[in-house]
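Tertiary structure, described
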Amino acid sequence: MSENNSESYGNQELYLKYEGLLLPTIVHTPETLRYAQEFKVRDDDIFISTYPKSGTTWMQEIIPLILNEGDKTPVLTVPNWDRAPWLEENRAHLFLDERPSPRAIVTHLPYRLMPPAFFKSKAKVINVARNPRDVIVSSYHFHVMASFLEDPESFNEFFSKWLCGEVFFGSWFEHVKGWLNAKEKDRIIYITYEEMLMDLKGAIKKLSNFVGKELSEDIIADIAEHCTFKNMKTNKMSNYSLVPEDIMAHNKSEFLRKGVAGDWKNYFTVAQSEHFDSFYQEQMKDVMHHFIWDHS
Ligand code: PPS
C-alpha cells in the first residue's frame, strides 16, 4: 500500500485491505465483506461481474430492462445501486435479502473471492470486460471526481499504480484471468464493453437469451435505444447525480464521462503505450481468449 493510502475520508482511512485488495472504506467494512462471503446465493441469481469502469452501470440498466421485458418503470424510478445492488457494498443486505427472484447483483470481486455458495449454485454470471487502456483512463477520471478514492495526482502516477494493481479492487489482470479460468463456463457469458458499443441490439439479444427471456425485436430495439450513452446520461436514476457533490464532484468529471472506445489514445504517451503493450503481453501470455481490443 502506498503511503498516500493513509489519506482519509472524513475521519476514516480511505482504504481497507481485504485478501490483497484495496477497498474504499466508504462502502466496504469487514462486516459487509463477511456478508458477501456468507451470501445465500439462489440458483436463479444473475451476477454482473466487472472490474471497475468496465460497464457495470450500463449492465445495471440493460439487465433490469431485459428482466422486466422492456418495462422502463424500474430504470426510471429506482437508482441503479438499488435495482442491481452491489454485493460487497455496505447497503447490499437492505436491497438483496427480501428481493424476489431473479435478482440482478453486481460484483467487482475477483473469482477467487466469490461467496462459497456461488460455487455450489446454478447462479448465472455476466462477465463484462473492457479494453484495459480505456479502463485506466476512465478510472483516472473517477479518482479525480470521487472523494473516497486516492487523489491520482498525475495521469502518469496513476498509470504506474494501476499497472501494479495498487488501486481499488486490485489488478485488472488478476480479475480478468481469474474469471476467464472459471470452471463454471456453462453458466457464464463473457461480453465486452466494445461489443456492446459496436452492436448493442445484438448484445441485448445475446444477454436476453442467456437469462432466459424471449423478447421481440421491437422490445430489444427499445431497450437498446434507452441504453445509449446519450440517453443514460440524462437518466438521474443512473447517472449518479443523486450522489452528493462532496462524494462525487460532477463538476470535476462526470460519471458517465465519454462512453467511447479508444479514449486512451488521447492520454497515453508513446512511451506509456509501448510500456503497456509489453506489460500486457507478459501478463496475458497464457490467455487463449481473443479480445476485440487485441488488434485495435
Ligand atoms: S463503476 O464505477 O465500476 O460502476 O463504473 P462502470 O459503470 O463499470 O464504468 C463507467 C464507464 O462506463 C461508461 N458507460 C457507458 N458507455 C457507453 N454507453 C453507455 N450506455 C454507458 N454507460 C456507462 C461510463 O461513461 C464510464 O466510461 P468513461 O470512459 O469514463 O466514459
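So, here is what we can say about the structure in this document.

Cut-off values and rules
Residues numbered from 1 in each chain as written. Predicted model: local features only at pLDDT ≥ 70, side-chain atom pairs only at ≥ 80, totals over all residues. Heavy atoms only, no water. Near = heavy atom within 4 Å. Polar contact = N/O pair within 3.5 Å; in protein donor to acceptor, adjacent residues only side chain to side chain. Areas by Shrake-Rupley, 256 points an atom, 1.4 Å probe, with all protein chains shown as cover. 1 Å grid on protein atoms, 1.4 Å probe; cavity = no way out; pocket = protein on both sides within 12 Å on 5 of 7 lines; lining within 4 Å. Sits in = over half its atoms within 2 Å of the grid points. Helix = DSSP H or I, 4+ residues; strand = E, 2+ residues; numbered from the N terminus. Nonpolar A, V, L, I, M, F, W, Y, C, P; charged D, E, K, R; others polar. Buried < 20%, exposed > 50% of the residue type's maximum accessible area, 1.4 Å probe, protein only. Contact = heavy atoms within 4.5 Å. Points joined across faces, edges and corners; volume = space filled by probe spheres on them.

1. Let's talk about the site of the ligand
Around the ligand, 21 residues are found, and the nearest of them are Thr56, Thr57, Ser138, Tyr193 and Lys258. Between the ligand and the protein, one listed contact pairs a nitrogen atom with a side-chain N or O atom of Trp58 at 3.1 Å. A distance of 2.7 Å is found between an oxygen atom of the ligand and a side-chain nitrogen or oxygen belonging to Ser138. Alone, the ligand offers 630 Å² of accessible surface; in the complex the protein occludes 96% of this. A molecule is said to occupy a pocket when more than half its atoms come within 2 Å of that pocket's grid points, and by this definition the ligand occupies the largest pocket. Looking at the shell around the ligand, the elements with two or more residues in it are helix H2 (56-67), helix H7 (132-145) and helix H13 (229-233). Tallying contributions element by element places H2 first for the shell around the ligand, with three residues. When its residues are assigned to classes, the shell around the ligand shows nine nonpolar, eight polar and four charged.

2. Here's the deal with the environment of Trp172
Relative to the elements of secondary structure, Trp172 occurs in helix H9 (residues 172-180). For the pair Trp172 and Val135, spaced 37 residues apart in sequence, the C-alpha separation works out to 9.0 Å.

3. As for the side chain of His143
With respect to the helices, strands and loops of the structure, His143 is situated in helix H7. Assessed through its relative accessible area of 4%, His143 is described here as buried. In this structure the side chain of His143 is engaged in a polar contact, spanning 2.8 Å, whose partner is the backbone oxygen of Ser139. When near neighbours in sequence (up to four residues on either side) are disregarded, His143 contacts Tyr15, Leu149, Glu150, Pro152, Phe158 and Phe168.

4. Some details on empty space enclosed by the protein
Taken as a whole, this structure holds three cavities of 30 Å³ or more when the rule is applied. What lines the largest cavity is Tyr15, His143, Glu150, Asp151, Pro152, Glu153, Glu157, Phe158, Lys161, Glu166 and Val167. Sort the elements by how many residues they give to the lining of the largest cavity and helix H8 (residues 155-163) lands first, with three residues. Of the volumes computed, that of the second largest cavity is approximately 50 Å³. Lining the second largest cavity we find Tyr51, Ser54, Asn127, Val128, Ala129, Arg130, Trp172, His175, Val176 and Trp179. Among the secondary structure elements, those contributing two or more residues to the lining of the second largest cavity are strand E7 (124-129) and H9. Counting residues per element, the lining of the second largest cavity draws most heavily on H9, which supplies four residues.

5. As for unusual backbone geometry
Here the bond from Ser101 into Pro102 is cis, since omega is -5°, no more than 30 degrees from zero. The backbone of Glu69 sits at a positive phi, close to 50°, despite the residue not being glycine. Here Glu69 shows up in the loop between H2 and helix H3 (73-77). With a relative accessible area of 44%, Glu69 lands in the partly exposed category. Residue Tyr240 is not a glycine yet carries a positive backbone phi of 65°. Relative accessible area serves as the criterion here: at 14%, Tyr240 is assigned to the buried category.

6. Re the layout of surface pockets
Put simply, the largest pocket is a space of about 940 Å³. Taken together, 42 residues make up the lining of the largest pocket; nearest its centre are Lys53, Thr57, Phe142, Tyr240 and Phe255. Contributions of two or more residues to the lining of the largest pocket are made by H2, H7, helix H10 (193-198) and H13. Residue classes in the lining of the largest pocket are distributed as 26 nonpolar, ten polar and six charged.

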